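Close look at the chain arrangement
Next come the chains, spelled out residue by residue.
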Amino acid sequence: MSEELTPETPEESEEPIKQRKNGLYPGVSDELAENMKSGWADTELRDLEPIPQAAETAARRAALSARFPGERLVIPAGNLKTRSNDTEYPFRASVEYAYLTGNQTEDGVLVLEPVADGHEATIYLLPRSDRENGEFWLSGQGELWVGRRHSLTEAGTLYGIPASDVRELADKLREATGPVRVVRGYDAGIEAALTDKVTAERDEELRVFLSEARLVKDDFEIGELQKAVDSTVRGFEDVVKVLDKAEATSERYIEGTFFLRARVEGNDVGYGSICAAGPHACTLHWVRNDGPVRSGDLLLLDAGVETHTYYTADVTRTLPINGTYSEIQKKIYDAVYDAQEAGIAAVKPGAKYRDFHDAAQRVLAERLVEWGLVEGPVERVLELGLQRRWTLHGTGHMLGMDVHDCAAARVESYVDGTLEPGMVLTVEPGLYFQADDLTVPEEYRGIGVRIEDDILVTENGNRNLSAALPRRSDEVEAWMAGLKG
């Protein structure tokens, strides 16, 4: 990785150039500085079209405006975060900002200014790197180091929102009067400029509203989620084809294989892939992915591709590494499959959100009683939650731009709410018998099974967005055999 000459833009330093402690160049001559100012072609993009979701983001801003009339609303994208020394983590804009704008660049801020008939929106962004003062080649975030930014004019066309220089925004906000709300936790500088104008309670109301607005997906969002799922299906196929190579290395071969699909077809993975072989499948969020992959064990693969617009899939399959379930593995797998079938059947408009969880948990409790692992009757087991020793987690969650989407929504709107067409949720029951669990027969120990699909609530019931991946145990075996040739 090359080393830029200066870590600061000229605006951030009294000196136009600040040399790194161990930089190889002592400075910039006047002649070189002058030379770098000229001889560059005009690269302004003049034939841009609005982004595909521009109409949807406009409608979302209109709904936000209607909810908070007469108030200034500030929604930041966030800033780069240092990974180590002078390297940063890949940037991902805040979901609230991306949902309302479609923009994904660091330091951006959406501001809705109250006017007589609603709000006027402005998107505040960093303009293109300055060529006159050398920022474009001297700054670590300059154009020649990290790539070209859109000009403010270009941004206005793309996002359908007038764009202004974000470097002027903090001063404007300090001088602002009237009620203000900000989405907290993303931009400390913006929050500092508003520190005497906002309250935690009012800001939380804004965050909750934006979370609940995402409970029901529009057609664009449903299309993006299907894209994410389709890529994820291909990623699972990729993994099955290379299980022999994973056996020769580790779970990380599986992680890397799926990641390649995510980066080729999407933006990234939507969350850290869980590539859990053998007893690691009993660790719900096993993301170390550094363990062995052994024939005869199960592989619990929980992974999702994130699209370029931030919508993620979240799918789990538990696969026999050698292609065939053993008798005990099949027994446990089929119980989880039956539980998932009951859960999916309970997903329909007008149903309580909790219904799918309750339906799946009942099936699992029945099997645990049947197998003699817990004393019945089933009603007693469910009332006391005794099945949770082996089921551990809830049976699903909302899905969207966050893998656990709408997390700030009110309980009465989410967990205690009612399903509506356009909602997308996961149904993912599991059974996990820890390797050190002495309350179950030895043959159960170290086996973990989860099956997860992404389910869209429709007008008449539901649609399994991830139905292209086999779920039934015999179908999984046949699918794997076909992929392995």
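Residues numbered from 1 in each chain as written. Predicted model: local features only at pLDDT ≥ 70, side-chain atom pairs only at ≥ 80, totals over all residues. Heavy atoms only, no water.

The next subject is the pairing of strand β16 (residues 453–457). For β16, the buried fraction is high: five of the five residues fall into the buried class. Side chains Asp 453, Ile 455 and Val 457 of β16 all project onto a buried face; the interleaved residues Asp 454 and Leu 456 project onto the opposite face, where all are buried too. Pairing between strand β13 (residues 424–427) and β16: four bridges, direction antiparallel. Within β16, the position partnered with Val 424 by the bridge is Leu 456. By the bridge criterion, three bridges tie β16 to strand β17 (residues 462–464) in an arrangement that is antiparallel. Across the sheet, Ile 455 pairs through a bridge with Asn 464, a residue of β17. Adjacent in sequence and paired antiparallel, β16 and β17 are bridged by four residues. (Buried < 20%, exposed > 50% of the residue type's maximum accessible area, 1.4 Å probe, protein only. Helix = DSSP H or I, 4+ residues; strand = E, 2+ residues; numbered from the N terminus. Pairing = 2+ DSSP bridges.)

What follows covers the packing of helix α10 (residues 219–241) against helix α12 (residues 251–265). Look at α10 against α12: their axes get within 9 Å of each other, and the N-to-C directions meet at 145 degrees. The interaxial crossing formed by α10 with α12 has right-handed handedness. Only Ile 254, Thr 257, Phe 258, Arg 261 and Glu 265 of α12 make contact with α10, whose side of the interface consists of Ser 231, Thr 232, Arg 234, Gly 235, Phe 236, Asp 238 and Val 239. Here the residues of the contact of α10 with α12 are counted per class, giving four nonpolar, four polar and four charged. (Axes fitted to C-alpha atoms, helices over the stretch in contact; angles between N-to-C directions. Left-handed = near helix turned anticlockwise from the far one by under 90°. Contact = heavy atoms within 4.5 Å. Nonpolar A, V, L, I, M, F, W, Y, C, P; charged D, E, K, R; others polar.)

Consider a sheet: its strands pair through backbone hydrogen bonds, and that pairing is either parallel or antiparallel. What the three strands build is an open sheet, ordered β13-β16-β17; its pairing is antiparallel. Taken across any chain shown, the strands that pair with only one partner, and hence form the sheet edges, are β13 and β17. With direction set aside, neighbouring strand axes in the sheet form an average angle of 35 degrees.

Quick reminder: α-helices carry 3.6 residues per turn. Residues three or four places apart thus point the same way. Compared with an ideal rise of 1.5 Å per residue, which puts twelve residues at 16 Å, helix α17 (residues 473–484) spans 17 Å between its outermost C-alpha atoms and is within 8% of the ideal. Along α17, the residues that are buried comprise Ser 473, Val 476, Trp 479 and Met 480. Buried residues in α17, looked at end-on, bunch into an arc of 120 degrees, giving them a common side. Looking at α17, the residues exposed on the side facing more than 90 degrees away from the buried face are Ala 478 and Gly 482. (Expected span 1.5 Å × (residues − 1). Arc of directions from axis to C-beta.)

By the definition in use, this model includes eight aromatic pairs. Plain terms: the ring middles of Phe 236 and Phe 258 are 6.0 Å apart, the flat faces sit at 90 degrees to each other, and that makes the pair edge-to-face. With a gap of 22 residues between them, Phe 236 in helix α10 and Phe 258 in helix α12 connect regions that are remote in the sequence. Taken individually, Phe 236 and Phe 258 each receive the classification buried, so the pair is uniform in this respect. One aromatic cluster in this structure is built from Tyr 353, Phe 356 and Tyr 414. (Phe/Tyr/Trp six-rings, centres within 6.5 Å; stacked < 30°, edge-to-face > 60°.)

By secondary structure assignment, the location of Glu 251 is in helix α12. Among buried charged residues, Glu 251 stands out as having no salt bridge; its nearest opposite-charge side chain is Arg 252, 7.1 Å away. In terms of polar contacts, Glu 251 uses its side chain to reach the backbone amide nitrogen of Gly 291, at 2.8 Å. Beyond its immediate sequence surroundings of up to four residues, Glu 251 is in contact with Cys 275, Ala 276, Ala 277, His 280, Trp 286, Asn 289, Asp 290, Gly 291, Pro 292 and Val 293. (Lys, Arg positive; Asp, Glu negative; His and termini not counted. Salt bridge = Lys/Arg side-chain N within 4 Å of Asp/Glu carboxyl O. Polar contact = N/O pair within 3.5 Å; in protein donor to acceptor, adjacent residues only side chain to side chain.)

It is worth spelling out α10 at this point. Here α10 is 23 residues long and its end C-alpha atoms lie 34 Å apart, about the 33 Å a rise of 1.5 Å per residue gives. You can read the cap of α10 off the contacts: a side-chain oxygen lies 3.1 Å from the backbone nitrogen of Phe 220, and it is on Asp 218.

Confidence in the prediction for the protein averages 95 pLDDT; 96% of positions are at 70 or higher. A low-confidence stretch, residues 6–15 (pLDDT under 50), is modelled with 18 contacts involving residues beyond four sequence positions or located in other chains. (pLDDT = per-residue confidence, 0-100.)

Put simply, α10 and α17 touch, their axes get as near as 9 Å, and they point 70 degrees apart. Between α10 and α17, the crossing angle belongs to the class labelled roughly perpendicular. The two elements α10 and α17 cross, and the hand of that crossing is right-handed. For the pair formed by α10 and α17, the contact residues are Phe 236, Glu 237, Val 240 and Lys 241 on the first element and Trp 479, Met 480, Leu 483 and Lys 484 on the second. The residue inventory of the contact of α10 with α17, partitioned by class, reads five nonpolar, no polar and three charged. (Parallel < 35°, antiparallel > 145°, perpendicular 65-115°, else oblique.)

This paragraph deals with the pattern of salt bridges. Side chains that carry opposite charge are capable of pairing whenever their charged atoms lie near each other. Taken as a whole, this structure holds 38 salt bridges when the rule is applied. For Asp 334, the salt bridge is made with Lys 330, and the minimal N-O distance between the two is 2.7 Å. Of the two residues, Asp 334 and Lys 330 both sit in helix α13 (residues 327–345), four residues apart, roughly one turn of that helix. Counted as one network, the salt bridges with shared partners bring together Glu 71, Arg 181, Arg 202 and Glu 205.

The next thing to look at is a nonpolar patch on the surface. On the surface, a cluster of nonpolar side chains totalling about 390 Å² of accessible area is made up of Trp 40, Leu 144, Trp 145 and Val 146. If you trace the backbone, Leu 144 turns up in helix α5 (residues 143–146). The partly exposed category is assigned to Leu 144, whose relative accessible area is 48%. (Patch = residues over 30% accessible without salt bridge, like charges linked within 9 Å, V, L, I, M, F, W, Y side chains within 5 Å. Areas by Shrake-Rupley, 256 points an atom, 1.4 Å probe, with all protein chains shown as cover.)

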